[in-house]
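Fold and contact review
Each chain is listed here by its residues.
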Amino acid sequence: MKKTMIAAVVAGVAFSLTSCRTTEANYRAAYERTMARQNEGIDSATVAAIESERGPRQMRVNDSISLPVVSRFVKAVEGGGGTRESIKKYSVVVAGFSQLFNARSMRERLVDSGKWPGAFVVQSGEEYFVVAQSSDDPAEASRALDSVKADGTIYIKSPFPWVLRRPR
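Before going into details, it helps to say that this report is about the structure given with it. (Residues numbered from 1 in each chain as written. Predicted model: local features only at pLDDT ≥ 70, side-chain atom pairs only at ≥ 80, totals over all residues. Heavy atoms only, no water.)

Digging into the pairing of strand β5 (residues 120–124)
- With respect to burial, β5 is a largely interior element, five of its five residues being buried.
- Residues Phe120, Val122 and Ser124 point to one face of β5 and Val121 and Gln123 to the other, with burial holding for every one of them.
- As paired strands, strand β3 (residues 75–76) and β5 are joined by two bridges and run antiparallel to one another. Residue pairing in the sheet places Lys75 in a bridge with Gln123 of β5.
- As judged from the five bridges shared by β5 and strand β6 (residues 127–135), these two strands associate in the antiparallel manner. (Buried < 20%, exposed > 50% of the residue type's maximum accessible area, 1.4 Å probe, protein only. Helix = DSSP H or I, 4+ residues; strand = E, 2+ residues; numbered from the N terminus. Pairing = 2+ DSSP bridges.)

See the structure below:
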């Protein structure tokens, strides 16, 4: 009787441990349910409009310069390599992160490459942006943006790079 009871308890524990295992399929299903709930009751045109608001828009600065621009209020991050004075009107952003550690790591890679010694990190809300170069002159920002796009030493994910325009 005692052996049967012990065997039943062991079988029950083994079953409960194996049945609650987290898998990639469980994570994927939970993610898909969350995304469906997030957009519930919103038509696809509205979802597309919301997504387009987050990304850069083409802005004609003058007759010869058009830049992909996002306007945000930002501040320099302590230990991010920049100061309040280093944030000019136009800053070329090469990456965005939700964690400061990742933003600092990307900044260090830019500085270590030797091509972007003035790289720094700025914060807008809960996002951290890595800036390769900052300027008050839109022509200089355009040249820096072209230089970043042509540079093959750093990996840049879409929708980056773009220009961060500080509102006045």
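Digging into the sheet that holds β5
- Read across the sheet, seven strands follow the order β1-β2-β7-β4-β6-β5-β3 without closing on themselves; strand pairing throughout is mixed. Among the strands making up the open sheet, the edge pair consists of β1 (57–60) and β3.
- In this sheet, strand β7 (residues 162–165) lies alongside strand β2 (residues 66–71) in parallel orientation, the contact comprising three bridges. Following the sheet pairing, Val69 is matched in β7 by Val163.
- Here helix α4 (residues 100–113) sits on the sheet in contact with β4 (90–97), β5 and β6, set at roughly 25 degrees to β6. (Contact = heavy atoms within 4.5 Å. Axes fitted to C-alpha atoms, helices over the stretch in contact; angles between N-to-C directions.)

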